[in-house]
Every structure is written in structure tokens, then in C-alpha cells.
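What follows is the residue order along each chain.
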Amino acid sequence: GENVEQHPSTLSVQEGDSAVIKCTYSDSASNYFPWYKQELGKRPQLIIDIRSNVGEKKDQRIAVTLNKTAKHFSLHITETQPEDSAVYFCAAHIQGAQKLVFGQGTRLTINP
Amino acid sequence: GAVVSQHPSWVICKSGTSVKIECRSLDFQATTMFWYRQFPKQSLMLMATSNEGSKATYEQGVEKDKFLINHASLTLSTLTVTSAHPEDSSFYICSANRDTQGDSPLHFGNGTRLTVT
């Protein structure tokens, strides 16, 4: 079945620096890749997503890149702020099964 | 605002009892809803896909007789944890696609923290 690998599991950066989280997926038919942010004890919130017909998407300080050939996609957060501290999950949509498979998550800590 | 409502947000029950969790889509109809389980510091693991008017589809390793899913209407899915045991203590989250296409954003409920004593 589809497998999504996410790295790193933890990431600590200084406020103002950039953070990059990477994911790889196994199913070449996957066509939709969302990123979720989850704060402690709360629901995951969609922060950005990308479809397989696009290579890059940006929304203010957040960007996502997709390399279909290599089957990997990355989340980039620039000018990090303390409120960016959370757990981030990538996911890949399995087209046939119509479901999302999540990566293992990355705990991002922004140090002031 | 929230588009998926989940209730209760937390529940404590005794071992051997059953607990029902409700998931509602607030302003759209959801023929399909998804139930996830999340253990502390772990990822979201899909338990089952709830299908309105038909049987749920369970992921490998999830006991369908223990985790009963009912999707009786286009806006409501319920998950019942039967004969709960301490190892069932977890964070259960439901979700739904607002659009009919599966490759669209999933909206999550607030989750239910289940503690079995």
C-alpha cells in the first residue's frame, strides 16, 4: 500500500530562520499532497496543499514543492515565528482508495 | 469556522463499557467520513472509512466488531468503541471532505480524547 515517509521527526530552528520538512511517497498515482499543522491537543489544520500538476505553491511564508519524478515533496517555512511551533504532517492522497495517508509528523520548535 | 463537529471532546470510561463518538458535517453533506486514531506523539492512523448507507471500510488490523461505525445520514457518522480497554485510550478524530472528490482538503473534527480506566 501507499507509504509516506517524513523527515526529520524533530526540528529546532532559531526564530527568523527557515525550516524545511521533507516527505516521500511510494504510490506514483498519488495526486494530492496536503500539509497539516497540529498544535498540542487540537485538530490538524490544513496549511497548504499541492496537486500533482503543479511543481510549487506559495502562500506568504509557507511554500510547498513537489518532485513527481522523485516522488517527494517538501514544506518550506521562512522567517519562522514562535507561533509556528507545532507538529506538522504531510499526507498523500491515494487516488484509487480515495483516502489520505499521513507521514509520521515533524515536531517543529522555534527558539526565540 | 469549523465545518466538522465532533462530540464529546473527552470521555473517561471504565474498562468493559462502550463509548459512542459522534461526527457531524455542519454545512455540507458528507457521503464519506474518515475515522483516525492518534496515540501520543504519533501520527494519524486511518481506522476506517465511513460510507453513508453502506458498511464501513476498515483498515487492516482494525477490529470491525470492536469499533462499530454507523453512517446513517449524510451529516452524521458515529464510532462506538465497544468493550473498551485501557489500550484503547487514544485521541480519536473524524474528518470529511467538503467536496465530493477525495483529492480535496480534509476537514477534521476537534477530536475525542478517550481514557479507559
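Details of the structure are given in the entry above.
How each quantity is defined
Residues numbered from 1 in each chain as written. Chains lettered and ligands numbered in written order. Predicted model: local features only at pLDDT ≥ 70, side-chain atom pairs only at ≥ 80, totals over all residues. Heavy atoms only, no water. Contact = heavy atoms within 4.5 Å. Buried area = accessible area lost by both parts, 1.4 Å probe. Salt bridge = Lys/Arg side-chain N within 4 Å of Asp/Glu carboxyl O. Polar contact = N/O pair within 3.5 Å; in protein donor to acceptor, adjacent residues only side chain to side chain. Helix = DSSP H or I, 4+ residues; strand = E, 2+ residues; numbered from the N terminus. Pairing = 2+ DSSP bridges. Axes fitted to C-alpha atoms, helices over the stretch in contact; angles between N-to-C directions. Disulfide = S-S within 2.5 Å. Buried < 20%, exposed > 50% of the residue type's maximum accessible area, 1.4 Å probe, protein only. Phe/Tyr/Trp six-rings, centres within 6.5 Å; stacked < 30°, edge-to-face > 60°. Lys NZ or Arg CZ within 6 Å of the ring centre and 35° of its normal.

Asks: Before we go on, may I ask you to explain the interface of chain B and chain A in this structure?
Replies: The interface of chain B with chain A comprises 23 residues on the first partner and 20 residues on the second. Summing both partners gives a buried area of about 1700 Å² for chain B against chain A, and 51% of it is carried by carbon and sulfur. Inspection of the region where chain B meets chain A yields one salt bridge. With a closest N to O distance of 2.7 Å, Lys99 of chain A and Glu59 of chain B form a salt bridge. Our count for the contact surface shared by chain B and chain A stands at seven residue pairs in polar contact (both at pLDDT 80 or more). Among the secondary structure elements, those contributing two or more residues to the side of chain B that touches chain A are strand E4 (32-38), strand E9 (90-97) and strand E10 (106-108) of chain B. A total of three residues in the side of chain B that touches chain A trace back to one element, the largest contributor, which is E4 of chain B.

Asks: What is the right way to read the sheet that holds strand E7 (residues 62-67) of chain A from this model?
Replies: Hydrogen bonds between backbone groups are what pair the strands of a sheet, and the pairing can be parallel or antiparallel. All names here are of chain A. Ordered by their spatial adjacency, five strands build an open sheet running E1-E3-E8-E7-E6, and the pairing between neighbours is antiparallel. Across the chains shown, the open sheet's two edge strands, defined by having one partner strand only, are strand E1 (4-7) and strand E6 (56-59). Neighbour-to-neighbour, the strand axes of the sheet open up by a mean angle of 15 degrees, direction not taken into account. Relative to E7, E6 runs antiparallel, the two being bridged by four bridges. When the bridges of E7 are listed, Glu56 appears paired with Thr65.

Asks: What's the story with the side chain of Asp49 of chain A in this structure? I'm lost.
Replies: Looking at the secondary structure, you find Asp49 of chain A in strand E5 (residues 45-51). Only 2.9 Å separates the side chain of Asp49 of chain A from the side chain of Lys57 of chain A, close enough to count as a polar contact. Not counting residues up to four positions away in its chain, the partners in contact with Asp49 of chain A are Tyr32, Phe33, Pro34, Lys57 and Val64 of chain A together with Pro105 of chain B.

Asks: I tried to follow the state of the cysteines on my own but got confused; where do I start?
Replies: Working definition: the covalent bond between the sulfur atoms of two cysteines is a disulfide. Counted under the stated rule, the structure contains two disulfides over all chains. Two residues, Cys23 of chain A and Cys90 of chain A, share a disulfide whose sulfurs are 1.9 Å apart. Between Cys23 of chain A and Cys90 of chain A, the S-S dihedral sits near -100 degrees, and the bridge is therefore left-handed. Within this pair, whereas Cys23 of chain A is found in strand E3 (residues 19-25), its partner Cys90 of chain A is found in strand E9 (residues 86-94), the two being separated by 67 residues in sequence. The pair formed by Cys23 of chain A and Cys90 of chain A is uniform in burial state, with each residue classed as buried. Note that Cys23 of chain B is cross-linked by a disulfide to Cys94 of chain B, the S-S spacing being 2.0 Å. Classification of the bridge connecting Cys23 of chain B and Cys94 of chain B rests on its S-S torsion, roughly 80 degrees, and on that basis the disulfide is right-handed.

Asks: Before we go on, may I ask you to explain unusual backbone geometry in this structure?
Replies: Note: most peptide bonds trans; most residues except glycine with negative phi. Note that the residue after His7 of chain A, namely Pro8 of chain A, is joined by a cis bond; omega there is -5 degrees. By the secondary structure assignment, Pro8 of chain A is in the loop between E1 and strand E2 (10-14). Note that the residue after His7 of chain B, namely Pro8 of chain B, is joined by a cis bond; omega there is 0 degrees. A positive phi is found at Glu79 of chain A, a non-glycine position, where the angle reads about 45 degrees. Summarising the element assignment, Glu79 of chain A is placed in the loop between strand E8 (72-77) and E9.

Asks: When you look at the packing of aromatic side chains in this model, what are you seeing that I'm missing?
Replies: Think of a pair of aromatic rings as described by two things: how far the centres are apart, and how the planes are tilted against each other in angle. For the structure shown, the criterion picks out 11 aromatic pairs over all chains. With centroids separated by 4.7 Å and ring planes inclined at 40 degrees, the aromatic side chains of Tyr25 of chain A and Phe33 of chain A adopt a geometry described as tilted. Across the pair, exposure class does not vary: Tyr25 of chain A and Phe33 of chain A are buried alike. Seen from the ring of Phe67 of chain B, Lys66 of chain B lies directly overhead, with NZ or CZ sitting 5.9 Å from the centre.

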